[in-house]
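As a plain string of letters, each chain reads:
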Amino acid sequence: MKISVDDIKNAKNNALQINFEDNIKGVDTDGPVHAEIVFSSFGTCINAKGKIVANVKLTCDRCLREFLQKIDEEVDETYVLGTFTDRHSHEVELKDGDFVTDLNGESEIDVDDLIYQTLILNIPNPSVCDINCKGSVELEKYMKKESTDPRLEVFKNMKINEEK
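Calculation criteria
- Residues numbered from 1 in each chain as written.
- Predicted model: local features only at pLDDT ≥ 70, side-chain atom pairs only at ≥ 80, totals over all residues.
- Heavy atoms only, no water.
- Helix = DSSP H or I, 4+ residues; strand = E, 2+ residues; numbered from the N terminus.
- Buried < 20%, exposed > 50% of the residue type's maximum accessible area, 1.4 Å probe, protein only.
- Contact = heavy atoms within 4.5 Å.
- Areas by Shrake-Rupley, 256 points an atom, 1.4 Å probe, with all protein chains shown as cover.
- Pairing = 2+ DSSP bridges.
- Core = buried A, V, L, I, M, F, W, Y, C linked by side-chain atoms within 4.5 Å.
- Polar contact = N/O pair within 3.5 Å; in protein donor to acceptor, adjacent residues only side chain to side chain.
- Patch = residues over 30% accessible without salt bridge, like charges linked within 9 Å, V, L, I, M, F, W, Y side chains within 5 Å.
- Salt bridge = Lys/Arg side-chain N within 4 Å of Asp/Glu carboxyl O.
- Lys, Arg positive; Asp, Glu negative; His and termini not counted.
- Charge placed at Lys NZ, Arg CZ, Asp CG, Glu CD.

Colleague: Requested: an account of the overall build of the chain, with residues and values cited.
Modeller: On a plain count of helices and strands, the chain comes out with three helices and seven strands. Counting helices and strands in the order they occur from the N terminus, the chain gives β-α-β-β-β-β-β-β-α-α. Burial status across the chain gives 27% buried among its 164 residues. A fraction of 56% describes how many contacts in the chain between residues 6 or more apart in sequence connect residues 24 or more apart. Of the roughly 12,300 Å² of accessible surface on the chain, 47% is carried by carbon and sulfur atoms.

Colleague: Describe the pairing of strand β3 (residues 33-42), and please don't skip the residues or the numbers.
Modeller: One ladder, built from eight bridges, connects strand β2 (residues 15-22) with β3; its direction is antiparallel. Opposite Phe-20, over in β3, you have Ala-35 as the bridge partner. Pairing of β3 with strand β4 (residues 45-59) involves nine bridges; the strand directions are antiparallel. Bridging across to β4, Ser-41 finds its partner in Ile-46. Where β3 folds back on β4, the antiparallel hairpin that results is connected by two residues, among which Gly-43 adopts a positive phi of roughly 65°.

Colleague: Before we move on, can you summarise the nonpolar core with the specific residues and values?
Modeller: Residues Val-33, Ile-37, Phe-39, Ile-46, Ile-115 and Leu-119 are the most contacted members of the largest nonpolar core, which totals 31 residues. Looking at this core, the elements with two or more residues in it are α1 (5-10), β2, β3, β4, β5 (66-80) and α2 (111-121). Counting residues per element, this core draws most heavily on β4, which supplies six residues.

Colleague: Give a description of the side chain of Ser-127 that names residues and reports values.
Modeller: Relative to the assigned elements, Ser-127 resides in the loop between α2 and α3 (137-140). For Ser-127, the side chain forms a polar contact with the main-chain oxygen of Pro-124, separated by 2.9 Å. Here Ser-127 is in contact with Leu-58, Thr-59, Cys-60, Asp-61 and Phe-67, once residues within four sequence places are set aside.

Colleague: A description of a negative patch on the surface should follow, citing residues and the corresponding values.
Modeller: Taken together, the side chains of Asp-6, Asp-7, Glu-106 and Glu-108 present a region of like negative charge at the surface. Looking at the secondary structure, you find Glu-106 in the loop between β6 (101-102) and β7 (108-110).

Colleague: How would you sum up a nonpolar patch on the surface? Please name residues and give values.
Modeller: A contiguous nonpolar surface patch, about 440 Å² in accessible area, is contributed by Leu-152, Val-154, Phe-155 and Met-158. Locating Val-154 in the fold gives a position in the segment after α3. Taking the relative accessible area as the measure of exposure, Val-154 reaches 57% and is therefore exposed.

Colleague: Report on the pairing of β5, specifying residues and quantitative values.
Modeller: In this sheet, β5 lies alongside β4 in antiparallel orientation, the contact comprising 15 bridges. When the bridges of β5 are listed, Ala-54 appears paired with Ile-71. Where β4 folds back on β5, the antiparallel hairpin that results is connected by six residues, among which Leu-64 adopts a positive phi of roughly 65°.

Colleague: Any details on the pattern of salt bridges? Residues and values, ideally.
Modeller: For side chains bearing opposite charge, pairing can occur when the charged atoms are close. Considering all chains together, one arrives at four salt bridges under this definition. One salt bridge connects Asp-72 with Lys-51, and the closest N-O pair in it is separated by 3.4 Å. With Asp-72 in strand β5 and Lys-51 in strand β4, this residue pair connects regions lying 21 residues apart in the sequence. Relative accessible area serves as the criterion here: at 36%, Asp-72 is assigned to the partly exposed category. In this structure Lys-51 comes out as partly exposed when scored by relative accessible area, which is 36%. Of the charged contacts, one joins Arg-151 and Asp-149 as a salt bridge, the two residues approaching to 2.5 Å between their closest N and O atoms. Classification of Arg-151 as exposed rests on a relative accessible area of 67%.

Rendered as C-alpha coordinates:
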(Lines give C-alpha, C1' and ligand atoms only; values in the text may rest on other atoms or scores of the structure.)
Protein backbone atom coordinates (compact mmCIF):
# COMPACT_ATOMS: atom_id res chain seq x y z
CA MET A 1 0.00 0.00 0.00
CA LYS A 2 1.34 3.38 -0.97
CA ILE A 3 0.09 6.78 0.19
CA SER A 4 0.43 9.88 -1.91
CA VAL A 5 2.22 12.84 -0.34
CA ASP A 6 -0.41 15.11 -1.92
CA ASP A 7 -3.21 13.13 -0.19
CA ILE A 8 -1.51 13.78 3.16
CA LYS A 9 -1.01 17.49 2.45
CA ASN A 10 -4.62 17.91 1.25
CA ALA A 11 -6.17 15.99 4.16
CA LYS A 12 -7.99 17.79 6.96
CA ASN A 13 -5.44 19.32 9.37
CA ASN A 14 -2.67 17.99 7.07
CA ALA A 15 -3.07 14.56 8.71
CA LEU A 16 -4.20 11.27 7.20
CA GLN A 17 -4.93 8.22 9.34
CA ILE A 18 -4.67 4.74 7.88
CA ASN A 19 -5.82 1.49 9.42
CA PHE A 20 -3.93 -1.47 8.00
CA GLU A 21 -4.93 -5.09 8.47
CA ASP A 22 -3.19 -7.41 6.04
CA ASN A 23 -0.16 -9.65 5.60
CA ILE A 24 3.29 -8.23 4.88
CA LYS A 25 5.44 -9.91 2.24
CA GLY A 26 8.64 -11.30 3.77
CA VAL A 27 7.27 -11.63 7.33
CA ASP A 28 5.69 -14.92 8.41
CA THR A 29 2.83 -14.09 10.77
CA ASP A 30 -0.04 -15.88 12.46
CA GLY A 31 -2.92 -13.79 11.18
CA PRO A 32 -2.83 -10.31 9.72
CA VAL A 33 -0.62 -7.44 10.82
CA HIS A 34 -2.58 -4.63 12.50
CA ALA A 35 -1.39 -1.05 12.16
CA GLU A 36 -2.86 2.35 12.92
CA ILE A 37 -0.64 5.12 11.58
CA VAL A 38 -1.25 8.85 11.28
CA PHE A 39 0.71 10.64 8.55
CA SER A 40 1.10 14.37 9.25
CA SER A 41 2.59 16.98 6.95
CA PHE A 42 4.89 19.66 8.37
CA GLY A 43 6.31 21.80 5.56
CA THR A 44 9.10 19.74 3.99
CA CYS A 45 8.60 16.79 6.36
CA ILE A 46 6.00 14.10 6.84
CA ASN A 47 5.75 12.32 10.17
CA ALA A 48 4.32 8.81 10.54
CA LYS A 49 3.22 8.03 14.08
CA GLY A 50 1.25 5.04 15.24
CA LYS A 51 1.26 1.45 16.44
CA ILE A 52 1.96 -1.90 14.78
CA VAL A 53 0.91 -5.24 16.27
CA ALA A 54 1.66 -8.69 14.83
CA ASN A 55 2.23 -12.28 15.94
CA VAL A 56 5.40 -13.23 14.10
CA LYS A 57 6.34 -16.89 13.55
CA LEU A 58 9.96 -17.47 14.55
CA THR A 59 12.26 -20.45 14.99
CA CYS A 60 13.93 -20.88 18.37
CA ASP A 61 17.69 -20.48 18.11
CA ARG A 62 18.21 -23.13 20.81
CA CYS A 63 15.73 -25.95 20.13
CA LEU A 64 14.77 -25.14 16.50
CA ARG A 65 11.03 -25.30 17.25
CA GLU A 66 8.63 -22.77 15.78
CA PHE A 67 6.99 -20.31 18.18
CA LEU A 68 4.99 -17.08 18.07
CA GLN A 69 6.44 -13.75 19.19
CA LYS A 70 4.04 -10.86 19.67
CA ILE A 71 5.50 -7.62 18.39
CA ASP A 72 3.69 -4.54 19.64
CA GLU A 73 5.65 -1.45 18.60
CA GLU A 74 5.17 2.28 18.41
CA VAL A 75 6.18 3.90 15.12
CA ASP A 76 7.62 7.40 14.86
CA GLU A 77 9.22 7.90 11.45
CA THR A 78 10.01 11.17 9.68
CA TYR A 79 10.20 11.48 5.91
CA VAL A 80 11.91 14.40 4.19
CA LEU A 81 10.51 15.65 0.90
CA GLY A 82 13.13 16.40 -1.70
CA THR A 83 16.66 15.27 -1.00
CA PHE A 84 18.13 15.52 2.49
CA THR A 85 21.72 14.97 1.33
CA ASP A 86 21.69 18.09 -0.87
CA ARG A 87 21.75 20.24 2.26
CA HIS A 88 24.92 18.60 3.55
CA SER A 89 27.63 18.39 0.92
CA HIS A 90 30.32 17.77 3.53
CA GLU A 91 30.57 15.31 6.40
CA VAL A 92 28.36 16.19 9.40
CA GLU A 93 27.55 14.62 12.75
CA LEU A 94 24.04 13.21 12.94
CA LYS A 95 21.95 14.27 15.91
CA ASP A 96 18.71 12.80 17.28
CA GLY A 97 16.42 14.71 14.88
CA ASP A 98 18.53 13.88 11.83
CA PHE A 99 17.47 10.23 11.55
CA VAL A 100 14.95 10.57 8.75
CA THR A 101 13.96 8.73 5.60
CA ASP A 102 14.83 10.63 2.45
CA LEU A 103 12.07 10.39 -0.18
CA ASN A 104 14.45 11.61 -2.92
CA GLY A 105 11.63 13.42 -4.68
CA GLU A 106 9.23 10.46 -4.59
CA SER A 107 5.56 11.40 -4.39
CA GLU A 108 4.46 8.31 -2.43
CA ILE A 109 5.26 6.67 0.90
CA ASP A 110 5.37 2.87 0.98
CA VAL A 111 3.37 1.84 4.07
CA ASP A 112 4.19 -1.86 3.56
CA ASP A 113 7.90 -1.05 3.74
CA LEU A 114 7.45 1.01 6.91
CA ILE A 115 5.59 -1.87 8.59
CA TYR A 116 8.07 -4.47 7.29
CA GLN A 117 11.08 -2.56 8.64
CA THR A 118 9.41 -1.98 12.01
CA LEU A 119 8.64 -5.69 12.42
CA ILE A 120 12.03 -6.95 11.23
CA LEU A 121 13.99 -4.51 13.39
CA ASN A 122 12.03 -5.56 16.49
CA ILE A 123 12.54 -9.32 16.21
CA PRO A 124 14.52 -10.31 19.30
CA ASN A 125 18.06 -11.54 18.84
CA PRO A 126 18.53 -14.30 19.79
CA SER A 127 15.03 -15.66 19.16
CA VAL A 128 14.27 -18.03 22.02
CA CYS A 129 10.93 -19.77 22.60
CA ASP A 130 11.31 -19.73 26.38
CA ILE A 131 13.80 -18.13 28.74
CA ASN A 132 14.52 -21.58 30.19
CA CYS A 133 14.92 -23.35 26.82
CA LYS A 134 17.89 -25.70 27.04
CA GLY A 135 17.96 -26.57 23.34
CA SER A 136 17.64 -29.99 21.73
CA VAL A 137 19.80 -33.11 21.75
CA GLU A 138 20.21 -32.86 17.95
CA LEU A 139 21.54 -29.30 18.24
CA GLU A 140 23.86 -30.13 21.14
CA LYS A 141 26.08 -32.36 18.99
CA TYR A 142 26.86 -29.37 16.76
CA MET A 143 27.71 -27.05 19.63
CA LYS A 144 31.40 -26.53 20.24
CA LYS A 145 32.52 -28.08 23.48
CA GLU A 146 34.74 -25.93 25.66
CA SER A 147 38.31 -26.99 25.34
CA THR A 148 41.48 -25.56 26.71
CA ASP A 149 44.81 -25.32 25.02
CA PRO A 150 46.98 -28.15 26.42
CA ARG A 151 49.95 -25.76 26.57
CA LEU A 152 48.12 -23.77 29.25
CA GLU A 153 47.71 -26.75 31.62
CA VAL A 154 50.94 -25.75 33.39
CA PHE A 155 49.22 -22.66 34.78
CA LYS A 156 46.55 -24.68 36.64
CA ASN A 157 48.99 -25.79 39.34
CA MET A 158 50.94 -22.58 39.54
CA LYS A 159 51.05 -20.87 42.94
CA ILE A 160 51.53 -17.16 43.34
CA ASN A 161 53.22 -15.80 46.43
CA GLU A 162 52.09 -12.35 47.32
CA GLU A 163 54.67 -10.31 49.21
CA LYS A 164 53.56 -7.34 51.20
